[in-house]
Amino acid sequence: MTKNNQPISGNDLARFSGPNTFMRLPQVDALDGVDVAVLGIPQDIGTSWRSGTRFGPKQIRAESAMIRPYNMATGAAPFDSLQIADIGDLAINTFSLSESLKIIKQSYDAILQNDVIPVAMGGDHSITLPILRAIAAKHGPVALVHVDAHADVNDEMFGERETHGTVFRRAYEEGLIQADKTYQIGIRGSGYAADDFTEAQGWGFQQFQANELWHRSLSPLGAEIRRDIGDRPVYVTYDIDSLDPAYAPGTGTPEIGGLTTPQALELIQALRGLNIVGCDLVEVSPPYDPSGNTALTAANLLYELICVLPGVTSR
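Everything numeric in this text was worked out from a predicted model, so none of it was measured.

About the cut-offs
- Residue positions are given per chain, counted from 1 along the sequence in the order it is written.
- With the structure being a predicted model, the display of local features is reserved for residues of pLDDT at least 70 and the display and counting of side-chain atom pairs for 80 or more, all residues being used for whole-chain, interface and lining totals.
- Side-chain descriptors were evaluated using all non-hydrogen atoms of the structure, hydrogens and water having been removed beforehand.
- In what follows, salt bridge is the name for a side-chain nitrogen of Lys or Arg lying within 4 Å of a carboxyl oxygen of Asp or Glu.
- Secondary structure is summarised from DSSP: a helix means a run of H or I of at least four residues, a strand means a run of E of at least two, and numbering begins at the N terminus for each.
- Here's how the labels work: a residue is buried when its accessible area is under 20% of the maximum for its type, exposed when over 50%, partly exposed in between, all with a 1.4 Å probe on protein chains only.
- Angles shown run from 0 to 180 degrees and are taken between the N-to-C directions of axes, each axis being a line fitted to C-alpha atoms and, for helices, limited to the stretch in contact.
- An angle below 35 degrees is treated as roughly parallel, one above 145 as roughly antiparallel, one from 65 to 115 as roughly perpendicular, and anything else as oblique.
- We call two residues in contact whenever any of their non-hydrogen atoms come within 4.5 Å of each other.
- All residues other than Ala, Val, Leu, Ile, Met, Phe, Trp, Tyr, Cys, Pro, Asp, Glu, Lys and Arg, Gly among them, are scored as polar; the first ten of these are nonpolar and the last four charged.
- Under this rule, positive means Lys or Arg and negative means Asp or Glu; His and the chain ends count for nothing.
- For this analysis, a polar contact is any N or O atom pair within 3.5 Å, provided that within protein one partner can donate a hydrogen and the other can accept it, and provided that sequence-adjacent residues contribute only side-chain to side-chain pairs.
- Paired rings are identified among Phe, Tyr and Trp, the last through its six-membered ring, by centres lying within 6.5 Å, and are further divided according to the angle between planes into stacked (under 30 degrees), edge-to-face (over 60) and tilted (the rest).
- Geometrically, a lysine NZ or arginine CZ counts as sitting over a ring once it is within 6 Å of the ring centre and also within 35 degrees of the ring normal.
- Given a helix with a known number of residues, its expected span is that number minus one, times 1.5 Å.
- Strands pair, by our definition, only if DSSP identifies at least two bridges between them.
- Assignment of crossover handedness uses the view with strands pointing away from the viewer, where a clockwise path from the first strand over the helix to the second indicates a right-handed crossover.

Q: Even after reading the chapter, I still don't get the pattern of salt bridges, so can you show me in this structure?
A: Oppositely charged side chains can form a pair if their charged atoms are brought close together. For the structure shown, the criterion picks out 14 salt bridges. Across the pair Lys102 and Glu99 runs a salt bridge, and its minimum N-O distance is 3.5 Å. One end of the pair, Lys102, and the other, Glu99, are both in helix H3 (residues 97–111), three residues apart, so they sit about a helical turn from each other. Judged by its relative accessible area of 46%, Lys102 is partly exposed. Taking relative accessible area as the criterion, Glu99 reaches 34% and is therefore assigned partly exposed. One salt bridge connects Arg169 with Glu199, and the closest N-O pair in it is separated by 2.8 Å. Pair noted here: Arg169 is in helix H5 (residues 167–173) and Glu199 is in helix H6 (residues 198–203), with a separation of 30 residues, a long-range link. On the accessibility criterion, Arg169 (12% relative accessible area) is buried. Residue Glu199 is classed as partly exposed on the basis of its relative accessible area of 39%. Beyond isolated ion pairs, a larger network of salt bridges with shared partners links Asp155, Arg161, Arg170 and Glu173.

Q: When you look at the packing of helix H1 (residues 56–63) against helix H9 (residues 293–307) in this model, what are you seeing that I'm missing?
A: Axis angle and axis distance: for two packed helices, these are the angle between their axes and the distance between the axes, and together they describe the pair. Running from N to C, H1 and H9 point in directions that differ by 75°, and their axes come no closer than 8 Å. One finds that H1 runs roughly perpendicular with respect to H9. When H1 is examined against H9, the residues Gln59, Ile60 and Glu63 are found in contact with a partner set consisting of Ala295, Leu296, Ala298, Ala299 and Leu302. In terms of residue class, the contact of H1 with H9 is made up of six nonpolar, one polar and one charged.

Q: Explain the side chain of Asp289 to me, please; I cannot follow it from the model alone.
A: Here Asp289 shows up in the loop between strand S9 (275–282) and H9. Although Asp289 is buried, it forms no salt bridge, and the closest oppositely charged side chain is Arg50 at an N-O distance of 9.4 Å. A polar contact is formed between the side chain of Asp289 and the side chain of Ser291, at a distance of 2.6 Å. Non-local contacts of Asp289, meaning those with residues more than four positions away in its chain, are made with Pro249, Gly250 and Thr294.

Q: Would you explain the packing of aromatic side chains in this entry?
A: Between two aromatic rings, the relevant description is the distance of the centres plus the angle of the planes. Summed over all chains, the structure comprises three aromatic pairs. Look at Tyr172 and Phe205: their rings are 6.2 Å apart centre to centre, the planes differ by 90°, and that puts the pair in the edge-to-face class. Here the residue Tyr172 occupies a position in helix H5, and Phe205 occupies one in the loop between H6 and strand S7 (206–209), the gap between them amounting to 33 residues. A connected cluster of aromatic rings, assembled from ring pairs, spans Tyr172, Trp203 and Phe205. Above the ring of Tyr288, the side-chain terminus of Arg50 is found at 3.8 Å from the ring centroid.

Q: Looking at this structure, how should I read helix H4 (residues 128–139)?
A: Since the α-helix packs 3.6 residues into each turn, any two residues three or four apart lie on the same face. The terminal C-alpha atoms of H4 lie 16 Å apart, and with twelve residues this matches the ideal 16 Å at 1.5 Å per residue to within 8%. Here H4 lies mainly inside the structure; nine of its twelve residues are buried. Those residues of H4 that fall on the buried side of the exposure criterion are Thr128, Leu129, Pro130, Ile131, Leu132, Arg133, Ala134, Ile135 and Ala136.

Q: Looking at this model, I keep getting lost on the pairing of strand S5 (residues 142–147). Mind explaining?
A: Side chains on a regular strand alternate between the two faces of the sheet. Within S5, six of the six residues are buried, which leaves the element mostly enclosed by the surrounding structure. As defined by bridge partners, S5 adjoins strand S6 (residues 177–187) across five bridges and the pair is classed as parallel. From the neighbouring strand, Val147 faces S6, where its bridge partner is Ile185. Following the backbone out of S5, through H5 and into the adjacent parallel S6, one traces a crossover that is right-handed.

Q: Got a minute to help me understand unusual backbone geometry in this structure?
A: Keep in mind that most residues, glycine aside, have a negative phi and that most peptide bonds are trans. Omega for the peptide link from Gly122 to Gly123 comes to 15°, which places this bond in the cis form. Positionally, Gly123 belongs in the loop between strand S4 (117–122) and H4. One non-glycine residue, Met23, adopts positive backbone phi at about 55°. The residue His215 is not glycine, and still its phi comes out positive at about 65°.

Q: Please explain the pairing of S6 as it appears in this structure.
A: The buried fraction of S6 is high, at nine of eleven residues. When S6 meets S7, the two strands line up parallel, connected through four bridges. Bridging across to S7, Ile185 finds its partner in Phe208. Since S6 and S7 lie parallel, the crossover through H6 that links them has a hand, and here it is right-handed.

In structure tokens form, the structure reads like this:
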């Protein structure tokens with residue numbers, strides 16, 4: 001019986017040394033026997049304001065060295081249950097957004113030939129569109145849990161139809177997601193018009209604005225979403241700018257009045273039991289947070305997402 005990969009313990013090798021992989025897991029090239037593949041997509045050419053997310057995967061991996069294998073709050077033991085490995089970064093075209101999106105789709109098509117759950121570290125939010133194209137090609141239209149300050153339903157930006165702000169309009173138009181099982185949580189800020197959010201509601205998207213969630217536990221909301229989705233395949237996409245910039249300043253398009261880190265944990269932990277077929281965490285821009293706290297938060301949220309994947313047991 002193959003022994004599952006385990007993060008290198010900080011008692012065996014100091015956390016400031018060792019491999020720069022997620023949680024210092026082994027890096028693999030072959031996906032045989034791998035249940036969860038963690039990968040980086042170091043891209044920021046889909047952004048419209050502040051760049052820097054190309055450095056996100058490297059910094060998230062560096063900060064993840066602090067995380068230990070057992071979730072003391074929930075009892076989740078992902079490394080006891082699943083074979084998890086880091087498969088490195090996708091080789092995007094740093095000069096072409098359109099080519100990069102094609103590379104991501106082709107790479108995911110190959111990854112999904114295996115019975116594996118891909119967990120991506122962004123990169124800007126444009127990466128989610130080609131991921132959803134590959135996910136839907138395998139699973140059909142999926143339910144979507146989208147945590148973000150922005151709805152990302154613009155028709156175009158500077159004449160371009162595939163950017164970090166147009167992802168979910170394209171996903172809806174292409175039938176990649178189930179509109180009535182799409183949940184957008186944490187959206188807020190100023191808009192271009194009064195109907196910036198309401199148009200997507202007309203498609204069936206369920207939207208939960210941040211100001212409606214202030215001072216509230218998100219555990220009940222997560223439980224409601226879990227019941228509503230049932231056993232459908234679901235994709236979770238988590239934009240770090242859903243958090244208030246007090247918690248995550250290192251991002252490209254910060255908006256005040258966002259979620260707190262305890263709310264983020266409550267929401268993710270309440271999703272346990274969903275048939276999650278993939279997830280990502282995007283928009284970490286290390287140049288805007290020299291302390292590394294944004295990437296540290298992102299690494300922990302990715303760990304929490306892994307803790308709620310199908311097949312994870314508790315101890």
